[in-house]
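# Observations on the three-dimensional arrangement
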Amino acid sequence: MTPVRIDLLLKALCLVKTRSQAHKGCEAGGISINGKKAKASAEVRPGDVVEIRYPRAVTAVEILEIPAGQVPRKDRERYFRVIREARIETGDGEGWDV
């Protein structure tokens, strides 16, 4: 399957609520692909590791398959594998809006 933009993929896999939130996360430096900060237009392929630094948590996933469109939440495990999840304690909750 062809690569897909990171902002589209995060929305399709229900890892963010909206594509604009994925875009904000990229602009804030909170999303990386294979250890490198990602722009919203960065392409993702199967085998890539995507790290999402939410305002209060960090999640790293390995992309297993690129979906053709929006994926129901109950079916999303087919497309990625969670590598790491961690909570972040912050005082004010600042960060990109998720």
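Above this note sits the structure.
Just so we're clear, the structure is a prediction, and the values are computed from it rather than from any experiment.

What follows covers the side chain of Arg76. Assignment of secondary structure puts Arg76 in the loop between strand S6 (57-63) and strand S7 (80-87). Setting aside chain neighbours within four positions, we find Arg76 in contact with Leu13, Cys14, Leu15 and Val71.

Our next topic: the pairing of strand S5 (residues 49-53). Where strand S2 (residues 31-33) meets S5, three bridges bridge the pair, whose relative direction is antiparallel. Looking across to S5, one finds that Ser32 is bridged to Glu51. In this structure, S5 lies alongside S6, joined through five bridges in antiparallel fashion. What sits directly across from Ile52, in S6, is Thr59. Remark: three residues form the turn of the hairpin made by S5 and S6, two consecutive strands paired antiparallel.

Definitions and limits used
Residues numbered from 1 in each chain as written. Predicted model: local features only at pLDDT ≥ 70, side-chain atom pairs only at ≥ 80, totals over all residues. Heavy atoms only, no water. Helix = DSSP H or I, 4+ residues; strand = E, 2+ residues; numbered from the N terminus. Contact = heavy atoms within 4.5 Å. Pairing = 2+ DSSP bridges.

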